[in-house]
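Residue-level structure breakdown
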Amino acid sequence: MIKPGYKFDTKVQYLKYKILREVARRAWEDTLLENILDIPQIIVPGKIPSMRCCVYKERAIVGEYVKLAMGGNKNNPNVIEVIDIACDECPMGGYEVTNACRGCLAHRCEDSCKFDAIQIDENFVAHIDKTKCKECGACSKSCPYSAIINRTRPCQNACKIKAISMNEDYTAAIDNSKCISCGACVYQCPFGAITDKSFILDAIDLIKKSENNTKYPVFAVVAPSIASQFKYAKLGQVISGLREMGFHEVVEAALGADMVADAESREVEEKGFLTSSCCPAFVKYVTENFPTLTPYVSHNLSPMGAISKYLKERHPDCKIVFIGPCTAKKAEIQRESVRPYVDVAITFEELQALFDSRDIDIKTLPESVLDNASYFGRIFARCGGLSDAMIQGMKEHGSDFELKPIACDGIEECKIALLKKSKNLLDANFIEGMACVGGCVGGAGCLTHGEKNKLDVDKHGKEATDKTISDSISGLQ
């Protein structure tokens, strides 16, 4: 068996990949519906469980993964879903008394609780009555031994906007009105009980139709963070793999980033204050939680939307598949402003499954050239890159406007900046909002995560032939 570290960070990602690969393989062969029931047996062979209490439960969970690989619940508008039967291994969570409790005489925990939820047993040890506890944390703060701790579930801890709660049966529940589809919970769930819907079947369908119709070209638009992924091969080999899979052409979303940087550097001068629009999770967070700041969100499409619009205008019959690190892009393409331009969005995880479903070993392929964008468009992939590109854009069109950007690394920093702006306390006139820590290189759909990803993106940027934004977009007029 391939170790997860070969291509992925975790075994959860590897399991998800194997299921996606099997679904895709059957889709290419037009045998998915007749062989769909074989997939759980292939993923969980034999009678000895490797992940759960029994093989029957393992296969049932795989069956749920298969449904998500085929698009998931059509009645649920969110691209992130919970597999209920897989969400049963985490502790209930909340405040608990540990064995550090010394049974002290003071019992400050009992005195601090306004809800009579602290009980003292015959050994003078404190216990918490969960039916009365309101999770206020007063007991924890008052304990001199730090014996009372808050056990937060990984998904809840990962979700910084508090969109995840627990059902009555203690399975995770996602509040769609709050969820920004960033996928942080997907990557952090140690049991793979939360995952994103896949639209690889739609991508496969487009490629198969294209093979039978030369007037139906399918473009792959790849996010600049691709330079930090597929580390076992060279970037040029990844591009060759996409062409071998059936894509007519591969285009950098970073070229769209150059377009956005040029336009937004003019827009901020016109409005005086602006927030970025490249991260769909950040944009949803602003519109849902800071509606008074919505007019300041850049009116420009994201880099994905900008370059896709350009391609559609010049090739009206083409279809576009966006490939990147972001689960929120799957939600973005459902917006009315983006839907006409991008047909399908998939992640790097899903691309790996597509490669292997067609037995394409990218390590063995020759290198193709990917050279559509400038350094500044490519560094959009990491936090601070957009701000650097904005400064460069203003420099190139001769503006004397003093740009004071703040690059927000993760949704928590975004929240702080937006709160300050809403109270007129922010000493900045441009907010670069990145919901994922590190920027796009930290997206939930990445194969691997880590600090080196930022270095890989910068290296890729420096290899660009076009050294300025103007050079990059000059041929688009």
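Above this text sits the structure in question.
The sections below set out a description of the structure shown in this document. Just so it is clear, the structure is predicted and the values come from calculations on it, not from any experiment.

1. Things to note about the nonpolar core
If you look at the biggest cluster of nonpolar residues, it comprises 136 residues, and the most contacted ones within it are Phe-230, Leu-242 and Ile-323. Ranked by the residues each element gives to this core, the list is headed by helix α1 (residues 11–28), at nine residues. Excluding its chain neighbours within four sequence positions, the residues that come into contact with Leu-242 are Ala-220, Val-222, Phe-247, Val-250, Ile-323, Leu-351 and Phe-355. Core analysis: the next-biggest nonpolar cluster, separate from the first, contains 13 residues, Cys-101, Cys-109, Cys-113 and Ile-128 among them.

2. Side note on the sheet that holds strand β12 (residues 319–324)
Taking strand neighbours across the sheet as the criterion, the four strands line up as β10-β9-β12-β13 in an open arrangement whose pairing is parallel. Each having just a single partner strand, β10 (249–252) and β13 (344–347) make up the two edges of the open sheet. Between one strand and the next, the sheet's axes are offset by a mean angle of 25 degrees, whatever the strand orientation. The pairing of strand β9 (residues 218–222) with β12 spans five bridges and is parallel. Looking at the pairing, Phe-219 lines up with Ile-320 of β12.

3. Details of the packing of aromatic side chains
Taken as a whole and assessed by the stated rule, the structure comprises eight aromatic pairs. Here Phe-8 and Tyr-14 contribute two aromatic rings whose centre-to-centre distance is 6.3 Å and whose plane-to-plane angle is 50 degrees, an arrangement assigned as tilted. Accessibility classification places Phe-8 together with Tyr-14 in one group, the buried group. Of the aromatic side chains, those joined through ring pairs into one cluster are Phe-8, Tyr-14 and Tyr-17. Looking at Arg-358, its charged tip hangs above the ring of Trp-28, at a distance of 4.0 Å from the centre. In this arrangement the basic side chain of Lys-421 is found over the ring face of Phe-273, its NZ or CZ atom lying 4.0 Å from the centre.

4. Things to note about the environment of Ile-431
Tracing the sequence through the fold places Ile-431 in strand β15 (residues 430–434). Sequence separation between Ile-431 and Glu-29 is 402 residues, and the spatial gap between their C-alpha atoms is 47 Å. Beyond its immediate stretch of four places on either side in the chain, Ile-431 contacts Phe-273, Leu-274, Thr-275, Ser-276, Phe-282, Ile-406, Cys-408, Ala-417, Leu-418 and Leu-426.

5. Examining the pattern of salt bridges
Inspection of every chain in the model, using the stated rule, returns 33 salt bridges. Between Arg-382 and Asp-458 there is a salt bridge, with the nearest N and O atoms lying 3.1 Å from each other. Here the residue Arg-382 occupies a position in the loop between α16 (375–378) and α17 (385–396), and Asp-458 occupies one in helix α19 (residues 452–462), the gap between them amounting to 76 residues. Judged on exposure class, the residue Arg-382 and its partner Asp-458 are both buried. In this structure, the salt-bridge partner of Glu-451 is Lys-454, at a minimum N-O distance of 3.8 Å. Judged by its relative accessible area of 59%, Glu-451 falls in the exposed class. Here the residues in one salt-bridge network are Lys-16, Asp-196, Lys-330, Glu-349 and Glu-350, joined through shared partners.

Rules used in this analysis
- Residues numbered from 1 in each chain as written.
- Predicted model: local features only at pLDDT ≥ 70, side-chain atom pairs only at ≥ 80, totals over all residues.
- Heavy atoms only, no water.
- Core = buried A, V, L, I, M, F, W, Y, C linked by side-chain atoms within 4.5 Å.
- Buried < 20%, exposed > 50% of the residue type's maximum accessible area, 1.4 Å probe, protein only.
- Helix = DSSP H or I, 4+ residues; strand = E, 2+ residues; numbered from the N terminus.
- Contact = heavy atoms within 4.5 Å.
- Pairing = 2+ DSSP bridges.
- Axes fitted to C-alpha atoms, helices over the stretch in contact; angles between N-to-C directions.
- Phe/Tyr/Trp six-rings, centres within 6.5 Å; stacked < 30°, edge-to-face > 60°.
- Lys NZ or Arg CZ within 6 Å of the ring centre and 35° of its normal.
- Salt bridge = Lys/Arg side-chain N within 4 Å of Asp/Glu carboxyl O.

Treat this as a map of the structure, not an account of what it does.
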